Amino acid sequence: MPVRIRRADTHVAMFSVDAAAAQRLIDYSGLKVFELRPGRAVVMLMLVRYHDGDLGKYREFGTAVMVSPPGKTLKGLASMQSAAAFIHHLPVNQGFTLEAGQRIWGFPKIMADFSVRETGGFDFDVSEEGKLIAGIEFRSGVPIPSALTAKPQVLTTFSHRDGVTREIPWEMRNSGMRVRLGGARLRLGDHPYADELRSLGLPKRAFASQSSGNVEMTFGDAQEIR
């Protein structure tokens with residue numbers, strides 16, 4: 001430790017969902033959802049492709065619900081930067097990172113299959129045992145100067161496994177970022193994870209999306225909080 005990721009790329013779609021439904025989905029964690037506006041929570045669906053790092057090369061699909069840190073109640077756009085991400089789903093396509101993610105950080109990783117298409121845009125599907133979890137088609141966003149994104153960001157993520165909720169500190173540097181309003185079209189399949197996403201009112205139009213061509217990350221030790 002720490003675990004270092006030297007190069008990855010990301011695509012993230014952000015959705016406004018019913019806060020009560022999102023809270024029911026993650027009640028097992030003991031955490032409380034962050035409300036961007038009254039009655040609305042934020043869910044991020046993201047594909048990360050790890051190209052060079054301590055855990056090898058792999059792909060990862062995450063469902064993250066934005067939450068308030070324990071002991072705080074954050075609400076509103078001005079507080080969004082202080083909110084954290086709770087990882088509810090995390091399919092991956094390599095065995096080593098699955099074991100490491102489960103054992104070191106308590107991430108809910110399962111093995112899955114990924115299909116990525118980059119002709120005329122960016123589109124991917126993720127499935128387990130032939131059942132589609134989700135697919136997202138992204139449209140390119142507006143480029144953000146690297147001078148505005150290259151400064152290290154210290155972030156917090158939460159996980160839950162075997163009855164224990166954990167806090168994972170990490171740091172990220174971004175370059176080659178693009179952002180836009182909307183810009184992501186979600187498809188859901190017949191996998192149980194897809195049914196959970198439907199319980200939030202998805203699929204629907206993303207309210208924002210972003211991509212980063214080069215991301216560096218450093219992950220610290222997980223700390224049990226509950």
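Residues numbered from 1 in each chain as written. Predicted model: local features only at pLDDT ≥ 70, side-chain atom pairs only at ≥ 80, totals over all residues. Heavy atoms only, no water.

Asks: Whenever I open this one, the sheet that holds strand β10 (residues 131-138) confuses me. Can you help?
Replies: The strands making up a sheet associate through hydrogen bonds between their backbones, and the pairing can be parallel or antiparallel. The strand order β8-β9-β10-β14 describes an open sheet built from 4 strands, whose pairing is antiparallel. Of all the strands in the sheet, just β8 (113-117) and β14 (184-188) have a single pairing partner and so form its edges. Taken over all neighbouring pairs, the strand axes of this sheet differ in orientation by 10° on average, direction set aside. Where β8 and strand β9 (residues 122-128) come together, 5 bridges link them in antiparallel fashion. Bridge pairing in β9 places Arg117 opposite Asp123. (Pairing = 2+ DSSP bridges. Helix = DSSP H or I, 4+ residues; strand = E, 2+ residues; numbered from the N terminus. Axes fitted to C-alpha atoms, helices over the stretch in contact; angles between N-to-C directions.)

Asks: Help me understand the pattern of salt bridges, please; the structure alone is not making it clear to me.
Replies: Once the charged atoms of two side chains with opposite charge are near each other, the side chains can pair. Taken as a whole, this structure holds 12 salt bridges when the rule is applied. In this structure, Asp125 and Arg187 form a salt bridge, with 2.5 Å as the shortest nitrogen-oxygen distance. Placement of Asp125 in strand β9 and of Arg187 in strand β14 is noted, with a sequence separation of 62 residues between them. When its relative accessible area of 27% is taken as the criterion, Arg187 is described as partly exposed. Across the pair Arg198 and Asp195 runs a salt bridge, and its minimum N-O distance is 2.9 Å. Here Asp195 and Arg198 lie together in helix α3 (residues 192-198), a separation of 3 residues that amounts to about one turn. Residue classification places Arg198 among the partly exposed residues on the basis of a relative accessible area of 35%. Members of the salt-bridge network, linked through shared partners, are Arg117, Asp123, Asp125 and Arg187. (Salt bridge = Lys/Arg side-chain N within 4 Å of Asp/Glu carboxyl O. Buried < 20%, exposed > 50% of the residue type's maximum accessible area, 1.4 Å probe, protein only.)

Asks: I tried to follow the packing of aromatic side chains on my own but got confused; where do I start?
Replies: Each aromatic ring pair is characterised by the separation of its centres together with the angle its planes make. Tallied over the full model, the rule gives 8 aromatic pairs. Ring plane angle 55° and centroid distance 5.9 Å describe the contact between Phe61 and Phe124, whose orientation is recorded as tilted. Here the residue Phe61 occupies a position in strand β5 (residues 58-68), and Phe124 occupies one in strand β9, the gap between them amounting to 63 residues. There is no split in this pair, since Phe61 and Phe124 are both buried. (Phe/Tyr/Trp six-rings, centres within 6.5 Å; stacked < 30°, edge-to-face > 60°.)

Asks: For this particular structure, what's the right way to read the nonpolar core?
Replies: By size, the foremost hydrophobic cluster in this structure holds 39 residues, and its most contacted members are Phe61, Ile136 and Leu200. Top contributing element to this core by residue count: helix α1 (residues 19-26), with 5 residues. Those residues in contact with Leu200, other than ones at most four positions away along the chain, are Val17, Asp18, Ala21, Ala22, Leu25 and Val43. Ranked by size, the runner-up nonpolar core spans 33 residues in total, among them Met14, Val42, Tyr50 and Val215. (Core = buried A, V, L, I, M, F, W, Y, C linked by side-chain atoms within 4.5 Å. Contact = heavy atoms within 4.5 Å.)

Asks: Looking at this model, I keep getting lost on the environment of Gly71. Mind explaining?
Replies: Here Gly71 is to be found in the loop between β5 and β6 (84-92). Under the relative-accessibility criterion, Gly71 is labelled exposed at 88%. Each C-alpha atom, one on Gly71 and one on Lys32, is 9.5 Å from the other, the two residues being 39 residues apart in sequence.

Asks: Help me understand the pairing of strand β12 (residues 153-161), please; the structure alone is not making it clear to me.
Replies: A regular strand places its side chains on the two faces of the sheet in alternate fashion. With 2 bridges connecting them, β6 and β12 associate as parallel partners. In the strand pairing of β12, Ala85 is matched with Thr157. Pairing between β12 and strand β13 (residues 164-181): 9 bridges, direction antiparallel. Each residue of the ladder has a partner; that of Thr157, found in β13, is Ile168. Connecting β12 to the antiparallel partner β13 that follows it, the hairpin turn spans 2 residues, and Asp162 within it adopts a positive phi of roughly 55°.

Asks: Quick question: what am I supposed to make of α1 here?
Replies: Turn by turn, an α-helix covers 3.6 residues, leaving residues three or four places apart pointing in a common direction. Of all the 8 residues making up α1, 6 are buried; the element is thus mostly covered by neighbouring parts of the structure. By the burial criterion, the buried members of α1 are Ala19, Ala21, Ala22, Gln23, Leu25 and Ile26. Where α1 begins, one side-chain oxygen reaches toward the backbone nitrogen of Ala20, 3.2 Å away; that side chain belongs to Asp18. (Polar contact = N/O pair within 3.5 Å; in protein donor to acceptor, adjacent residues only side chain to side chain.)

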